[in-house]
Amino acid sequence: MIAAGGAQVAFLADMVGARPALLIEITTYVRILRAITVDGHIARVGRLVDTLDGEDADEVTVVRMSRHLPPSGPPLTEQRHEEVRAQLAALAPSMPMDELLEQNEQLLRALDEVRTQRDELARLNDELTETNRGVMALYIQLSEELEETNRGVVALYAELDEKSAQLRAASEAKSRFLANVSHELRAPVTSIIGLGRLMTDSGSDPLTAEQIRQIELIRGSATDLLSLVNDLLDLAKAEAGRLEPTWADVDLRVLFGQLRGTLRALPARPDVELIVEEPAGPALVRSDEVLLAQVLRNLLTNGLKFTERGEVRMRARRLPDGGGWWALTVSDTGVGIPPELHERIFEEFYQVPGGARAPGSGTGLGLPYARRLVTLLGGSLEVASVPGEGSVFTVLLPPSDGG
Ligand code: ADP
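## Some details on the packing of helix H6 (residues 289-305) against helix H7 (residues 366-376)
1) Next: Here H6 crosses H7 at 145°, and the two axes come no closer than 9 Å. Considering how the two elements wind past one another, H6 and H7 form a crossing that is left-handed. Contacts from Leu-291, Gln-294, Val-295, Asn-298, Leu-299 and Asn-302 of H6 reach H7 at Gly-366, Leu-367, Tyr-369, Ala-370, Leu-373, Val-374 and Leu-376.
2) Next: Class assignment of the residues belonging to the contact of H6 with H7 gives a composition of nine nonpolar, four polar and no charged.

If you want it as structure tokens, here you go:
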């Protein structure tokens with residue numbers, strides 16, 4: 001039996017239901033109702049023991065419980081009883097006061113621990129607040145930087161817009177200027193040519209051979225100047241968007257026939273043959289006949305200009321899997337163009353250096369103008385060429401609606 005706190009605990013080894021068991025009887029000094037103890041506080045203990053019961057007496061409440069001892073355990077001899085008794089006696093505090101002190105100390109220790117934990121929590125909290133402040137500051141700084149960058153980008157865009165508007169305006173001004181100047185130049189240059197012709201006319205006063213030679217030189221130069229002015233005017237018009245194609249179904253067979261006729265009239269080299277192949281079957285493209293004729297004539301004249309022997313050939317064929325598109329090619333067996341210059345020849349005034357300068361050499365405006373026209377007609381103009389072997393210029397054109 002042990003007296004602990006406000007209760008007395010008795011341990012008893014006995015037979016319960018023909019089996020050895022440990023009986024524990026707790027008697028409280030003050031009356032705590034059975035309903036509170038057995039049915040209330042220690043009800044869960046019932047699951048650990050085999051029996052649990054209690055009763056309320058006058059001044060006390062008694063709680064009894066028992067637990068069967070395992071059959072495999074050591075036999076309950078008198079000596080074993082003594083040992084257990086001694087162990088239990090050692091567990092019990094000698095005086096209620098001692099126990100109070102012990103509990104106080106435990107309470108103080110727990111309090112200390114709680115205080116340490118609270119301090120630690122406060123420290124962690126401080127750290128968290130500090131980190132939060134840092135994160136906030138970083139966030140604000142990044143937001144500001146982002147806003148600043150955004151403002152810069154917006155300003156850049158505005159500047160870019162302004163610059164491209166300026167560029168557009170400058171380009172339009174250039175085209176307008178070219179169109180006006182070339183237009184204004186045409187009349188005086190034409191009159192120089194006319195006057196030259198008049199002066200050498202048989203009806204005019206006779207001139208010396210030297211004077212005639214000089215006037216011919218003036219006329220030749222004026223003719224070159226006129227063709228330059230005309231080319232410039234064409235290009236400026238195309239650039240200024242002043243050229244409006246007159247769309248129609250163009251029969252390539254008719255167009256090719258006309259070109260064959262006009263080009264035959266050109267002074268030809270004896271060793272160069274001009275072949276214009278008749279397109280097989282109906283060959284209709286949706287295009288502007290005049291502009292397309294201008295492009296093809298330009299390509300053919302170039303071919304004749306840069307070919308010393310062999311042939312210049314024009315043909316039309318439908319691309320096999322090109323949705324009805326037409327490929328018009330002008331090929332020659334002339335000097336050819338180095339590959340690195342294939343794009344440059346489409347720039348204004350560019351002429352391949354050291355190229356065979358044929359009579360009536362041009363202005364370097366023919367190809368850029370031709371490409372502009374073809375683009376205007378909804379197609380494209382490309383070149384393939386091998387120096388010393390020849391060139392192939394290809395005009396790709398969309399088919400007419402009717403096929
Ligand atoms: P132009 O013929 O008046 O000089 P183009 O713009 O028509 O101007 O052609 C630009 C340059 O491209 C020519 O000067 C020439 O050097 C080169 N070129 C054009 N067509 C041919 C061709 N069929 N064969 C070789 N070179 C060519």
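## Quick notes on the sheet that holds strand S7 (residues 272-276)
1) Next: If you trace the five strands from one edge of the open sheet to the other, you get S7-S9-S10-S12-S11, paired in mixed fashion. Edge positions in the open sheet fall to S7 and strand S11 (380-386), since each of these has one partner strand only. In this sheet, neighbouring strand axes are inclined to one another by 15° on average, regardless of whether the strands run parallel or antiparallel.
2) Next: Against the sheet, helix H5 (residues 252-264) makes contact with S7, strand S9 (310-318) and strand S10 (326-332), and its axis sits at roughly 165° relative to S9, the strand it touches most.

## Looking at the site of the ligand
1) Next: In the vicinity of the ligand, 22 residues are found, and the nearest of them are Asn-302, Asp-332, Gln-351, Thr-363 and Leu-367.
2) Next: One of the side-chain nitrogen or oxygen atoms of Asn-302 is found 2.8 Å away from an oxygen atom of the ligand.
3) Next: Between the ligand and the protein, one listed contact pairs an oxygen atom with a backbone N or O atom of Leu-367 at 2.8 Å.
4) Next: In isolation the ligand offers 520 Å² of accessible surface; the protein chains occlude 97% of this area.
5) Next: For the shell around the ligand, the elements supplying multiple residues, two or more each, are H6, H7 and strand S12 (390-397).
6) Next: Here the shell around the ligand gets four residues from one element, more than from any other, and that element is H6.

## Focus on the packing of H5 against H6
1) Next: Contact geometry for H5 and H6: axes closest at 11 Å, N-to-C directions at 45°. For the element pair H5 / H6, the angle class is oblique. When the axes of H5 and H6 are compared, the crossing they make is right-handed. Here Leu-252, Leu-255, Phe-256, Gln-258, Leu-259 and Leu-263 of H5 come into contact with H6, specifically with Glu-289, Leu-292, Ala-293, Leu-296, Arg-297 and Leu-300.
2) Next: For the contact of H5 with H6, the class distribution of residues is nine nonpolar, one polar and two charged.

Cut-off values and rules
- Residues numbered from 1 in each chain as written.
- Predicted model: local features only at pLDDT ≥ 70, side-chain atom pairs only at ≥ 80, totals over all residues.
- Heavy atoms only, no water.
- Axes fitted to C-alpha atoms, helices over the stretch in contact; angles between N-to-C directions.
- Helix = DSSP H or I, 4+ residues; strand = E, 2+ residues; numbered from the N terminus.
- Left-handed = near helix turned anticlockwise from the far one by under 90°.
- Contact = heavy atoms within 4.5 Å.
- Nonpolar A, V, L, I, M, F, W, Y, C, P; charged D, E, K, R; others polar.
- Pairing = 2+ DSSP bridges.
- Near = heavy atom within 4 Å.
- Polar contact = N/O pair within 3.5 Å; in protein donor to acceptor, adjacent residues only side chain to side chain.
- Areas by Shrake-Rupley, 256 points an atom, 1.4 Å probe, with all protein chains shown as cover.
- Parallel < 35°, antiparallel > 145°, perpendicular 65-115°, else oblique.

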